[in-house]
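The primary structure of each chain is shown beneath.
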Amino acid sequence: MKLTDNTILITGGSRGIGLEIAKAFLALGNNTVIITGRNEQQLQQVRKELKEVITIKSDVSNIDDIRNLYSEVAKQYPTLNILINNAGVMKKVNLQARSDDLRALTKELDINVKGPIWMVDTFLPLLKQNPNAAIVNVSSALAFVPMPVAPVYSATKSALHFYTLALRAQLKNTGIKVFELAPPGTKTELLDEFSDADLQGSKPITVQALVGDFMKGLSKNNYEITPGQASLLKFMGRFFPSLILKEMSKSVKDMQ
């Protein structure tokens, strides 16, 4: 995968993993790096920090936002060739505590699963027109092993993992490369809601280390990139599923 002379769109790029990916591509001198986010203030802050980045306020869980985003990008940045579906949310959910807001209970599905699917469907015609095209879906190590205190999030990332496998198979003859980045626990705002007990003593890696591994994986055409403990969790989930689930379930007792 060529990492220079690209036009890149990153959803959820105003902070965390998405922002660090944007920095990495800018450091390589890419033509255009576009980030989206739902919070205009955060986008403005990024513009102050990274003068070269292009920011567009857009919510991947809103179909109208995606359509408007496509119209703007197709008109102003028609050379778009890399789409990175990074936007995501993670919630701690007690399934025994009845929710008064069913839409809020499934909001993770709208952002983590529907969002990437809608983005791919909308932007695929544009990607097909340009060389060195690629789609990157950011899933999670929890796609391979569920974290019981984050049940909906785990389910969304498992769904995104299998969608990515199917997408890669369907686009095999188009020239569009389909990558999956499955981060382990990473030091971002995503983990703010979770305690050390929830994380079972695991030490989250830095965003910089994660993105460093991601860029290396892209350059080598590693279609499934599993930095740090993600590789171990995938292995354990495949060969010792009961054992690793037992370990991951220890913090559930605090919710009962």
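Residues numbered from 1 in each chain as written. Predicted model: local features only at pLDDT ≥ 70, side-chain atom pairs only at ≥ 80, totals over all residues. Heavy atoms only, no water.

Enquirer: Just to check I follow, could you spell out a nonpolar patch on the surface for this structure?
Expert: A contiguous nonpolar surface patch, about 510 Å² in accessible area, is contributed by Leu232, Phe235, Phe239, Phe240 and Leu243. Here the nonpolar patch gets three residues from one element, more than from any other, and that element is helix α8 (residues 229-239). Of note, Phe240 is situated in the loop between α8 and α9 (241-248). Using a relative accessible area of 42% as the deciding quantity, one classes Phe240 as partly exposed. (Patch = residues over 30% accessible without salt bridge, like charges linked within 9 Å, V, L, I, M, F, W, Y side chains within 5 Å. Areas by Shrake-Rupley, 256 points an atom, 1.4 Å probe, with all protein chains shown as cover. Salt bridge = Lys/Arg side-chain N within 4 Å of Asp/Glu carboxyl O. Helix = DSSP H or I, 4+ residues; strand = E, 2+ residues; numbered from the N terminus. Buried < 20%, exposed > 50% of the residue type's maximum accessible area, 1.4 Å probe, protein only.)

Enquirer: How do you make sense of helix α3 (residues 63-76) when you look at a structure like this?
Expert: Owing to its 3.6 residues per turn, the α-helix brings residues three or four apart onto one side. Between its first and last C-alpha atoms α3 spans 20 Å; for 14 residues at 1.5 Å apiece the expected length is 20 Å, and the two agree. Burial in α3 covers these residues: Ile66, Leu69 and Val73. Projection of α3 onto a plane perpendicular to its axis shows the buried side chains occupying an angular sector of 60°, all on one side. Away from the buried face of α3 by more than 90 degrees, exposed residues Arg67, Asn68 and Lys75 are located. As for α3, its buried residues are in contact with β1 (7-10), β2 (32-37), β3 (54-57) and α5 (107-128). Two to three positions downstream of the cap, the backbone nitrogen of Asp64 sits 2.9 Å from a side-chain oxygen, assigning the N-cap of α3 to Asn62. (Expected span 1.5 Å × (residues − 1). Arc of directions from axis to C-beta. Contact = heavy atoms within 4.5 Å. Polar contact = N/O pair within 3.5 Å; in protein donor to acceptor, adjacent residues only side chain to side chain.)

Enquirer: What exactly am I supposed to notice about the nonpolar core here?
Expert: Taken as a class, soluble globular proteins show a tendency for nonpolar side chains to be buried jointly. In this structure, Phe25 and Ile84 are the most contacted members of the largest nonpolar core, which totals 31 residues. Counting residues per element, the ones that place at least two in this core are β1, α1 (16-27), β2, α2 (40-49), β4 (82-85), β5 (134-138), β6 (177-181) and α7 (207-219). Sorting elements by how many residues they give to this core places α1 first, with seven residues. Excluding its chain neighbours within four sequence positions, the residues that come into contact with Ile84 are Ile8, Leu9, Ile10, Thr11, Ile21, Phe25, Val136 and Val138. Core analysis: the next-biggest nonpolar cluster, separate from the first, contains 25 residues, Ile34, Val120, Leu124 and Leu167 among them. (Core = buried A, V, L, I, M, F, W, Y, C linked by side-chain atoms within 4.5 Å.)

Enquirer: Is there a simple way to think about the sheet that holds β4 in this case?
Expert: By way of backbone hydrogen bonds, the strands of a sheet pair with one another, either parallel or antiparallel. An order of β3-β2-β1-β4-β5-β6-β7 is seen for the seven strands of this open sheet, with the pairing classed as parallel. Strand pairing shows two members of the sheet lacking a second neighbour, β3 and β7 (224-225), which therefore form its edges. The sheet contact formed by β1 and β2 spans four bridges and is parallel. Paired with Ile10 across the bridge in β2 is Ile35. In this fold α2 packs onto β2 and β3, with an angle of close to 175° to the strand it touches most, β3. Across the sheet, α5 touches β1, β4 and β5, and the angle it forms with β4 is around 180°. (Pairing = 2+ DSSP bridges. Axes fitted to C-alpha atoms, helices over the stretch in contact; angles between N-to-C directions.)

Enquirer: Would you explain the pairing of β5 in this entry?
Expert: Looking along a regular strand, one sees the side chains alternate between the two faces of the sheet. Taken across its five residues, β5 has five buried, putting it largely inside the fold. Of the two faces of β5, the one lined by Ala134, Val136 and Val138 and the one lined by Ile135 and Asn137 are each fully buried. Summarising the sheet, β4 and β5 pair through four bridges and their orientation is parallel. In the sheet register, Asn85 faces β5, and the bridge partner there is Asn137. As paired elements, β5 and β6 share five bridges and run parallel to each other. Within β6, the position partnered with Ile135 by the bridge is Val178.

Enquirer: Looking at this structure, how should I read the pairing of β2?
Expert: With six of six residues buried, β2 is to be regarded as a mostly interior element. Residues Thr32, Ile34 and Thr36 point to one face of β2 and Val33, Ile35 and Gly37 to the other, with burial holding for every one of them. Across four bridges, the pairing between β2 and β3 is parallel. Within β3, the residue paired with Gly37 across the bridge is Lys57. Once you follow β2 into α2 and on to β3, the crossover reads as right-handed. (Right-handed = clockwise from strand over helix to strand, strands pointing away.)

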